[in-house]
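The lines below spell out each chain.
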Amino acid sequence: MTNNQLTENGHLRHFLTIEGLKRPLLTEIMDHAEQYSSLSHRQVKKVPLLRGKTIVNLFFENSTRTRTTFELAAKRLSADVINLNISTSATSKGESLLDTLHNLESMHCDMFVVRHNQSGAAEFIAQHVAPHISVINAGDGCHAHPTQAMLDMFTIRRHKQHFPDLRVAIIGDILHSRVARSQIHALSTLGVGEIRVIGPKTLLPSDCKTLGVHVYHDMEAGLKDVDVIITLRLQHERMEGALLPSAREYFQCYGLTDDKLSIANPDAIVMHPGPINRGVEIASSVADGPQSVILEQVTHGIAVRMAVMSIALGAQSEIEAQS
Amino acid sequence: MTNNQLTENGHLRHFLTIEGLKRPLLTEIMDHAEQYSSLSHRQVKKVPLLRGKTIVNLFFENSTRTRTTFELAAKRLSADVINLNISTSATSKGESLLDTLHNLESMHCDMFVVRHNQSGAAEFIAQHVAPHISVINAGDGCHAHPTQAMLDMFTIRRHKQHFPDLRVAIIGDILHSRVARSQIHALSTLGVGEIRVIGPKTLLPSDCKTLGVHVYHDMEAGLKDVDVIITLRLQHERMEGALLPSAREYFQCYGLTDDKLSIANPDAIVMHPGPINRGVEIASSVADGPQSVILEQVTHGIAVRMAVMSIALGAQSEIEAQS
Amino acid sequence: MTNNQLTENGHLRHFLTIEGLKRPLLTEIMDHAEQYSSLSHRQVKKVPLLRGKTIVNLFFENSTRTRTTFELAAKRLSADVINLNISTSATSKGESLLDTLHNLESMHCDMFVVRHNQSGAAEFIAQHVAPHISVINAGDGCHAHPTQAMLDMFTIRRHKQHFPDLRVAIIGDILHSRVARSQIHALSTLGVGEIRVIGPKTLLPSDCKTLGVHVYHDMEAGLKDVDVIITLRLQHERMEGALLPSAREYFQCYGLTDDKLSIANPDAIVMHPGPINRGVEIASSVADGPQSVILEQVTHGIAVRMAVMSIALGAQSEIEAQS
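Computed from a predicted model, the values in this text were never measured in an experiment.

What to know about the overall build of chain A
Within chain A, the regular secondary structure consists of 13 helices and nine strands. Radius of gyration (C-alpha) of chain A: 20 Å, near the 20 Å computed for a compact globule of 323 residues. Each principal axis of the C-alpha distribution contributes one length, and for chain A these read about 55 × 45 × 45 Å. Of the contacts made within chain A by residues no fewer than 6 positions apart, 76% connect residues no fewer than 24 positions apart.

Re the environment of Ser 285 of chain B
Along the chain, the position of Ser 285 of chain B falls in helix H11 (residues 284-287). Among the residues examined, Ser 285 of chain B registers 13 C-beta atoms within 10 Å and is labelled partly exposed.

Remarks on the relation of the copies chain B and chain A
Here two copies of a chain appear, and what relates them is a rotation about an axis with a shift along it. Rotating chain B by 120 degrees and translating it 0.0 Å along the rotation axis places it on chain A, where the RMSD comes to 0.0 Å. Both chain copies can therefore be described as sitting about a three-fold axis.

Points about the packing of helix H1 (residues 23-39) of chain C against helix H5 (residues 146-159) of chain C
Residues and elements named next belong to chain C. Where H1 contacts H5, the two axes come as close as 10 Å, and the packing angle between them is 70 degrees. Between H1 and H5, the angle is such that the two are roughly perpendicular. Touching Leu 26, Ile 29, Met 30 and Ala 33 of H1 are Met 150, Met 153, Phe 154 and Arg 157, all from H5. Here the residues of the contact of H1 with H5 are counted per class, giving seven nonpolar, no polar and one charged.

Re the pairing of strand S5 (residues 167-171) of chain C
All names here are of chain C. Within S5, five of the five residues are buried, leaving the element largely enclosed by the surrounding structure. Judged by which residues are buried, S5 turns out to be covered on both faces: Arg 167, Ala 169 and Ile 171 on one side and Val 168 and Ile 170 on the other are all buried. The pairing of S5 with strand S6 (residues 194-198) spans five bridges and is classified as parallel. Pairing of Ala 169 across the sheet is with Arg 196, part of S6. In the classification by handedness, the crossover that spans S5, the intervening helix H6 (residues 178-189) and the parallel S6 is right-handed. Where S5 meets strand S8 (residues 228-231), four bridges bridge the pair, whose relative direction is parallel. When the sheet's bridge partners are listed, Ile 171 is paired in S8 with Thr 231.

Quick word on the interface of chain C and chain A
Contacts between chain C and chain A engage 21 residues on the former and 18 residues on the latter. Taken together, the elements giving at least two residues each to the side of chain C that touches chain A come down to helix H2 (64-76) and helix H13 (294-322) of chain C. Top element by residues in the side of chain C that touches chain A is H2 of chain C. It accounts for seven residues. Grouping the amino acids of the side of chain C that touches chain A by side-chain chemistry returns seven nonpolar, nine polar and five charged.

Overview of the sheet that holds S8 of chain C
By way of backbone hydrogen bonds, the strands of a sheet pair with one another, either parallel or antiparallel. Residues and elements named next belong to chain C. The five strands lie next to each other as S7-S6-S5-S8-S9, forming an open sheet whose pairing is parallel. Among the strands making up the open sheet, the edge pair consists of strand S7 (214-216) and strand S9 (269-271). The average angle at which neighbouring strand axes cross in this sheet is 20 degrees, direction not considered.

So, the sheet that holds strand S3 (residues 111-116) of chain A
Residues and elements named next belong to chain A. As summarised here, the arrangement of the four strands in space is S2-S1-S3-S4, forming an open sheet in which the pairing is parallel. In this open sheet, the two strands that pair with only one neighbour each are strand S2 (80-85) and strand S4 (134-140). Averaged over all neighbouring strand pairs, the angle between strand axes comes to 15 degrees, with direction disregarded.

Overview of the domain arrangement of chain A
Residue and element names in this part refer to chain A. Examined at the domain level, chain A breaks down into domain 1 (23-145 + 299-322) and domain 2 (146-293). Distance from the C-alpha centre of domain 1 to the C-alpha centre of domain 2: 27 Å. Those elements that provide at least two residues to the side of domain 1 that touches domain 2 are helix H1 (23-39), S4 and helix H13 (294-322). Classifying every residue of the side of domain 1 that touches domain 2 by side-chain character gives 10 nonpolar, seven polar and four charged.

Section: the confidence of the model for chain A
Across chain A, the average pLDDT comes to 91, with 92% of residues at or above 70. On the interface metric, ipTM, the complex scores 0.91, and its pTM is 0.93.

What to know about the interface of chain B and chain A
Taken residue by residue, the interface counts 18 residues in chain B and 21 residues in chain A. Those elements that provide at least two residues to the side of chain B that touches chain A are strand S2 (80-85) and helix H3 (97-106) of chain B. Sorting elements by how many residues they give to the side of chain B that touches chain A places H3 of chain B first, with four residues. Of the residues contributing to the side of chain B that touches chain A, the split by class is four nonpolar, nine polar and five charged.

Here's the deal with the environment of Ala 264 of chain C
All names here are of chain C. Within the secondary structure, Ala 264 sits in the loop between helix H11 (258-261) and S9. By C-beta crowding, Ala 264 is classed as buried, having 23 other C-beta atoms within 10 Å. As a C-alpha pair, Ala 264 and Leu 223 span 41 residues in sequence and 5.1 Å in three-dimensional space. Discounting residues that sit within four places of it in the chain, Ala 264 has contacts with Leu 223, Val 226 and Ile 229.

Digging into unusual backbone geometry
Residue and element names in this part refer to chain A. Of note, the amide linkage connecting Gly 274 to Pro 275 takes the cis form, showing an omega dihedral of -10 degrees. Among the secondary structure elements, Pro 275 is positioned in the loop between strand S9 (269-271) and helix H12 (284-287). Phi at Asp 225 takes a positive value of approximately 70 degrees, unusual for a residue other than glycine. Mapped onto the elements of the fold, Asp 225 is located in the loop between helix H8 (219-223) and strand S8 (228-231).

Observations regarding the nonpolar core
One finds Met 111 and Ile 229 of chain A, Met 111 and Ile 229 of chain B together with Met 111 and Ile 229 of chain C to be the most contacted residues of the largest nonpolar core, which totals 305 residues. In contact with Met 111 of chain B, other than residues within four places in its own chain, are Ile 55, Val 56, Ile 133, Ser 134, Ile 136, Met 309, Ala 312 and Leu 313 of chain B.

Examining the environment of Arg 158 of chain C
Residue and element names in this part refer to chain C. Structurally, Arg 158 is set in helix H5. What makes Arg 158 partly exposed here is the crowd of 16 C-beta atoms within 10 Å. The spatial distance from the C-alpha of Arg 158 to the C-alpha of Tyr 254 is 27 Å, given a sequence separation of 96 residues.

Some points on H3 of chain B
The α-helix advances 3.6 residues per turn, and as a result positions three or four apart in sequence lie on the same side. All names here are of chain B. Across the 10 residues of H3, seven count as buried, placing the element largely inside the fold. Along H3, the residues classified as buried are Asp 99, Thr 100, Leu 101, Asn 103, Leu 104, Glu 105 and Ser 106. Positive backbone phi, at 60 degrees, marks His 108, one or two positions downstream of H3.

Conventions and cut-offs
Residues numbered from 1 in each chain as written. Chains lettered and ligands numbered in written order. Predicted model: local features only at pLDDT ≥ 70, side-chain atom pairs only at ≥ 80, totals over all residues. Helix = DSSP H or I, 4+ residues; strand = E, 2+ residues; numbered from the N terminus. Rg over C-alpha atoms; globule rule 2.2 N^0.38 Å. Contact = placed C-beta atoms within 7 Å. Buried ≥ 20, exposed ≤ 12 C-beta atoms within 10 Å, placed from the backbone. Least-squares fit on C-alpha atoms with pLDDT ≥ 70 in both. Axes fitted to C-alpha atoms, helices over the stretch in contact; angles between N-to-C directions. Parallel < 35°, antiparallel > 145°, perpendicular 65-115°, else oblique. Nonpolar A, V, L, I, M, F, W, Y, C, P; charged D, E, K, R; others polar. Pairing = 2+ DSSP bridges. Right-handed = clockwise from strand over helix to strand, strands pointing away. Domains from an automatic or database assignment. pLDDT = per-residue confidence, 0-100. Core = buried A, V, L, I, M, F, W, Y, C linked by C-beta atoms within 7 Å.

Below, the structure written as structure tokens:
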């Protein structure tokens, strides 16, 4: 019944998945992010909050972009950052993953930011780390990408005050998207009025009903009356596989063009987790248009990651104070 | 008529090329560098000037050496540094260059240090970045390498007080050298008495006359009475191509040996931008000899880059104060 | 007669090998490490001792693990760190090693941490650097790995007060191990009562007698009455070569199992420099068992490297004060 992301007192220790977290915690993250967000307009965009802490970017899957956002967030909190690309590291010397982790723990690191192409990797690591370590999931397989979901929620809250009044549509490859999965959990926990997913049958998960989302295979019906449109990145692997006819055909059916956008509410915002495939999941005119908040998402990504890092490491000092 | 490197008030915002900059600005850079130069003799070689600023090394062409000098300069100004090797990054995921740039802007980075193998790349980036970003050209194709030229000017000023009294000879592959091009603009702007280029016809540009330089194909004539000798690095690609007979023959004609050096003024200084091909463009005895200031150039490179970074980001705070 | 690792006043300038260093210096390193060790339990695990100093990790041989420990040690002393993987750097542009070194010196770096697959590389570099540079050997070929040996000594001292009373056994490929070589020198300098090496004839050096160690080819005899057991990593190259039958057979003869461990004194501690080949040189039950101090070694590695860095750079300021 207890959530293994939380300490006994209900504070955030790890951040692995949105699933199972309560609304006040998601709100707390957004409220903290609000503070860090104002920081970026100051001359010195830095606070000494995590000075002396060591944060390790443990990337088993290459992603310069995501690593950079975590590295910037950590440095703006004054933490020391170690970047480890594990594929080229000790494990190639035959050391097991757990031995690598225990070594890093023994070096008095405080936080592991984990990116892995296998679902459940961050959770596995969190189960095995020493009590003084926090684990942040920076994307694991098709499972979860909770900081991405939280920066999306933060972006929505900035534009649309009240979650229960909203209709949100997520378009694309829901089936393989850790981003979509985390977004659906977050939107649902925050009490969003109606969550829709739009995509071809081959790219929608079979458990849509249990997730509490409404399924559309057609953009015209799916976009009607929505306030927030989230487009997803189409992975190149999928385009080459049997699940999809071609990028061009995908764009014709599910690409977000100005025409299709006009079906939604006139003040609807358009989001995308990046990097964008222009002309595949979204037209350039929409991505760069007045309703797009895609670059705001990037900006908020730093503030939200700073919030998660500082909350999780705050929980840690609570643990230490008790012991 | 206005220079796109300058703010409306004439302050340096970007540093892309020496061409078009006025003498007082070049002098300002050297005067600032003079201050940073004295810093390196202190116990703590660091000033808090750029604390909280984020400087991104955006290297599309690998150059550990140049990246290290910019990284050190930024760290000694207390900035946070992010190193991005773009060939292995987001653009390989199909993201366009401009999308990568706009993402970094949205993360509230302050400066891009750009290295690219295509002429004009830094200028292209400067044209497209947000108003709060400064761009420093760390070498673009055959076009320009302005911080290298300024560290050369600083080194000359340290040894030879008065630019108008000087005769300066640049030896080698002027045609393909961004370093030579930037040096010629800088020497000319600072009013150097006589600028000479020495090299085989195949390696000299056709616009030498319009650049205001004197052309020599013969070392004996070219080195007579000069005060400063700048040898250039011979790119290996050239040696293998049809433009040159062989490294050995090149050395016989244009390699700077003790004999040839003795043609110049007895107090002439010898420079090279590094890395040196010993026995190709310069003899080891000259490179390591008493007239060589090659390692001083490296030292001054840090101070000059600190100067350019702090001036450009100072100009930025001026922009912010206005808006 | 003088040791080239020491200044004229007998202070540590370089740290290249344990050989030739006196007992008080090794004790000084351990005493300093004791202070840094307590630091890691504080909220802010950082001291401003080396603020403004630049430490370069000069790795000619890839070792993420070792690099990380030096990087963390340097950052916790507030130094700036530059990581250079030399195989992919300037030397590939045809620049000589010495030119690379002289360039880094000219950038006012303070310390080179050198890892190289050739014995003597760190010493060669130390002989050629400018007077203001300290060189730390982070492992050179089969020669030495002095910081590893010192963290081992520190770990032993934490568990076993008095070195002269101890019997220490080192098991495995002594012949090719820089770790073993440095350990033997350190144990011997600290006056350890009896040093034993255990391994097959093909993996023991011929100069065992002159090193003052007792040779055993049999675990039963070799482990009797020992207080400290050091297992060494078996390099995969060896396993594939003609020197050894197979990893499995090695484990049967020389792998440390619970059974074999029971031959030693009941309070014997078990050590390994990592990374471990589980089931080759040590059984998992022993590596993770109550007598294992393997992860403590990792922890102490940071403190010992902080000690060596601060002592060596302290010696440097002494030099500067004199000149």
